[in-house]
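# Notes for the structure review
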Amino acid sequence: MSGHEQFADDLALYALDALAGEERVSLEQHLAGCTSCHSELQRLRGDMALLALSAGGPRPPQRARQRLLNAIAKEPRLSVRAAKPQAWWAVVPWVIAAAAMVMVVLLIRHDGELEKTVRALEQQVAQQDVEVQQARDVVATFTAPEAQQVTLVAAKTPPQPQGKTFYLQDKGRLIFLANNLPPLPPEKIYELWLIPKTGAPIAAGLFRPDAHGSATVVNPPLPTGVEAKTFAVTLEPGSGPHDAPRGSAVMAGTGE
Ligand SMILES: [Zn+2]
């Protein structure tokens, strides 16, 4: 049995129905026993069918076919055989391969650009995630129920001590309310005084402010009918005596 290669050109001609005589018989004998050449023939016929379909035109007239066959017949076939050039159809896979390569290159390039775009978008998204998280943290701190809120203010003079008296002269009844009193120094006590229009100040009660600086004196023992000119508070030694003001004045108020 002869090698396949020598039938390559004959296969193409056979597919074109342009092989005759001894060569046709020889090829048909080979085809009967060679599956690879047979399948190559099928491929060639398939290719030609595709070409005919893609051309879309009518079948070439009989004269054109004959002209082609004549031209083929004039070719120096022996020398062609000797040179064993590649049949035209042998090039087809390479053309397809080259086209495929071009497609692959184009796809790879396109893919690279897509990848760049995706990376840029990913960076943008990451940056936005960071900013959104920061905004969420701020809002969460404002709205958290467990957030400790403290108001800070600049240092200023503490509130001034204040006192108010409610005095019923006829009954000798007196209520005294005070606030914003500074804490007592050691061994000291506050003392309230009723200072009459005439005569010496009358002691009207000792008192200590509470933790908030508030204090009350309710109905200290007083004579009745004394017309008050002024009420005053002094800071006195804790151990006394407390019958007359000796310490420093804390506050004083004169009625109308
Ligand atoms: Zn073969």
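About the cut-offs
Residues numbered from 1 in each chain as written. Predicted model: local features only at pLDDT ≥ 70, side-chain atom pairs only at ≥ 80, totals over all residues. Heavy atoms only, no water. Helix = DSSP H or I, 4+ residues; strand = E, 2+ residues; numbered from the N terminus. Buried < 20%, exposed > 50% of the residue type's maximum accessible area, 1.4 Å probe, protein only. Contact = heavy atoms within 4.5 Å. Areas by Shrake-Rupley, 256 points an atom, 1.4 Å probe, with all protein chains shown as cover. Pairing = 2+ DSSP bridges. Axes fitted to C-alpha atoms, helices over the stretch in contact; angles between N-to-C directions. Salt bridge = Lys/Arg side-chain N within 4 Å of Asp/Glu carboxyl O. Expected span 1.5 Å × (residues − 1). Arc of directions from axis to C-beta. Phe/Tyr/Trp six-rings, centres within 6.5 Å; stacked < 30°, edge-to-face > 60°.

As a further point, take the overall build of the protein. Helix and strand counts for the protein come out as 6 helices and 7 strands. In the protein, the order of α-helices and β-strands from amino to carboxyl end is α-α-α-α-α-α-β-β-β-β-β-β-β. Taken across its 256 residues, the protein has 20% of its residues classed as buried. Partitioning the intrachain contacts of the protein with sequence separation of at least 6 by distance along the chain shows that 56% fall at a separation of at least 24. Accessible area of the protein: about 18900 Å², with a carbon and sulfur share of 60%.

Counting buried positions along helix 1 (residues 8-15) yields 7 of 8 residues, so the element is predominantly enclosed. Positive phi shows up at aspartate 17, right after helix 1, with a value of about 60 degrees.

A few words now on the sheet that holds strand 1 (residues 162-168). Taken together, 3 strands build an open sheet; the order of strands is 1-2-5 and the sheet is antiparallel. Among the strands making up the open sheet, the edge pair consists of strand 1 and strand 5 (215-218). For this sheet, the mean angle separating the axes of adjacent strands, direction not counted, is 5 degrees. Where strand 1 lies against strand 2 (residues 173-179), 7 bridges are found, and the strand directions are antiparallel.

With that out of the way, let us pick up the pattern of salt bridges. Counted by the stated rule, this structure contains 6 salt bridges. A salt bridge links arginine 24 to glutamate 28; the nearest nitrogen and oxygen atoms lie 3.5 Å apart. Of this pair, arginine 24 and glutamate 28 both sit in helix 2 (residues 21-33), 4 residues apart, which is roughly one turn of the helix. Glutamate 28 gets classed as partly exposed once you look at its relative accessible area, which sits at 33%. For aspartate 243, the salt bridge identified is with arginine 246, shortest N-O distance 3.0 Å. Connected via shared salt-bridge partners are Asp17, Arg24 and Glu28.

An α-helix turns once every 3.6 residues. As a result, residues three or four positions apart point the same way. If you check helix 2, its first and last C-alpha atoms are 19 Å apart, about what 13 residues at 1.5 Å a residue would give, namely 18 Å. Burial in helix 2 covers these residues: Leu27, His30 and Leu31. In a view along the axis of helix 2, the buried residues occupy a sector of 100 degrees, so they form one face of it. Facing away from the buried side of helix 2 by over 90 degrees, the exposed positions are Glu22, Gln29, Ala32 and Gly33.

A word on the packing of aromatic side chains. Inspection of every chain in the model, using the stated rule, returns 3 aromatic pairs. Taking 5.4 Å as the distance between ring centres and 50 degrees as the angle between the ring planes, the aromatic pair formed by phenylalanine 176 and phenylalanine 207 counts as tilted. With phenylalanine 176 in strand 2 and phenylalanine 207 in strand 4 (residues 202-207), the pair connects residues that are 31 residues apart, well separated along the chain. The buried category is assigned to phenylalanine 176, whose relative accessible area is 3%.

Honestly, it's all geometry; don't read function into it.
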